[in-house]
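# Tertiary structure, described
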Amino acid sequence: MPVYNSQPRPRVLLEALPPEVAEELTALVPTAHIVKEGEEVHEAEYDLLVTCSSDAGRRSEHMHVLSFGPKYLDAWPRDSGTGGYVHPERNNRTLASEVHIPPTVDTEARALLEQTVVANITVGEKFTWSRLGSRETTSLLELGKERYLYALLWPRTRKEGSAMSLVLPPETTNHRAWFVWFLRLLNKIDPDTFPGDPNWTLSPEWSTAETLVVHDQLTKVHEKRSKLLAELDEREKAVASKLEDARAADKVGFQRLLTADGDELESAVQEVLTEIGFTVQNMDGHHDHVTKAKLEDLRVSDPEDPDWIALVEIKGYMKGARTNDVAQILGRPMRAYILEAGREPSTVWHIVNHERAVDPSTRNDAVPNDLDLEGITDAGGALIESRQLFLALRDLQSGNIDAATIRHSLKNARTRWDYRKA
């Protein structure tokens, strides 16, 4: 039976688009209608809807849909059989800016996503899709390590041969390029309804031999670019994982010089002094023979200077270092050593990790008044901040200084040791 007044296909409805975009898309298809606000249309006589409306599922389900920045998609019957519908929404709030494009996305779509979406994603609040149910969704772009869906291809119904929705985020640019890409996809699905290529003058099939060579060159560049980006993405993930492991090791390793107190701080100090080349003896089991009180925390010697000995007291503080604690190393530990060795130690060190909950770069100097350190100065010793030991260790590990220079600086420190001035 003949049909009269039938319009050539594809027949496209354009809704809620910027006027200049609507006019640009109209020129690409034989039949297009720009829907005015409040206007009613006979949707059965159209094949495709292009929209910037917030609801991408409100039009007849037989139409394919290209939507930019929608908040809602077609409702989907619940899988449980209990009745009712799942209503997908773009309401999952995230601050993620890390972008992932699945490897299954074709080269042309990947390039479009990189140029028109990824390039426009900024730091800050974004909303991704939730409540999508078990529908066979094709992910095009995802955000964050959680891989939140941000752009997708979506079957509008459960029916075989269902119309498709191409769902793109609000910051997408170059609507024309996406319209052409979607028309080409629909041509593969339903060539009768979507015949030909809207960009046929640019297609390889109708290009000259010279242009075809350049087209092939560009295709190869795109493929190489995608491969390189995928390789860089894998390398970035591997290095990021290695960095996480290194940071975790720092926390239980030498970074304890900046965060710990008690036994953990003592252990870290012992390790760094050993790394610098000293011989370090933990004196936890060494007590005063009369009072049985614990004496110094560490006893440090230099293998290259057998007569040199340092007694070390170590303290960690949440706030500033206490002035009264400075004298602890000058009392019972000093007297016990003189009785034991028959001479005074070469030096005494009071090592402190003060303001340990604060960024080390913003900490005040420990015991800032040198007058409060007169006792330790008179004993030929020094106050040592554990953050200074950390800086010295890092430069040693980086090869910026040698261990002998650090040892010499520590052995000759008086009043306070500042590695930055050593």
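Each remark here, short or long, concerns the structure printed above.
The structure displayed is predicted, hence computed values, not measured ones.

Let us now look at the sheet that holds strand β15 (residues 305-316). Pairing within the open sheet is mixed, and its six strands lie in the order β13-β14-β15-β16-β17-β18. The open sheet terminates on both sides in strands that have one partner only, identified here as β13 (279-282) and β18 (415-417). Mean inter-strand twist for the sheet, computed between neighbouring axes without regard to direction, equals 30 degrees. One ladder, built from four bridges, connects β13 with strand β14 (residues 298-302); its direction is antiparallel. Each residue of the ladder has a partner; that of T279, found in β14, is S301. Lying over the sheet, helix α7 (residues 332-341) contacts β14, β15 and β16 (347-353), oriented at roughly 155 degrees with respect to β15. The sheet strands contacting helix α10 (residues 403-411) are β14, β15, β16, β17 (382-385) and β18, and the helix crosses β18 at an angle near 165 degrees.

With that settled, the discussion passes to unusual backbone geometry. Of note, the amide linkage connecting R9 to P10 takes the cis form, showing an omega dihedral of 0 degrees. Structurally, P10 can be placed in the segment before β1 (11-15). Phi is positive for V367, close to 45 degrees, though the residue is something other than glycine. Secondary-structure assignment places V367 in the loop between β16 and α8 (374-378). The phi dihedral of T415 falls on the positive side, at around 75 degrees, and the residue is not glycine. The residue T415 is located in strand β18 in this model.

As summarised here, the arrangement of the eight strands in space is β2-β1-β3-β4-β12-β11-β10-β8, forming an open sheet in which the pairing is mixed. With one partner strand each, in any of the chains shown, β2 (31-35) and β8 (99-100) form the two edges of the open sheet. Sheet topology places strand β3 (residues 48-51) next to strand β4 (residues 64-68); four bridges connect them, and they run parallel. Its bridge partner lying in β4, V50 is registered against L66.

Thresholds applied
- Residues numbered from 1 in each chain as written.
- Predicted model: local features only at pLDDT ≥ 70, side-chain atom pairs only at ≥ 80, totals over all residues.
- Heavy atoms only, no water.
- Pairing = 2+ DSSP bridges.
- Helix = DSSP H or I, 4+ residues; strand = E, 2+ residues; numbered from the N terminus.
- Axes fitted to C-alpha atoms, helices over the stretch in contact; angles between N-to-C directions.
- Contact = heavy atoms within 4.5 Å.

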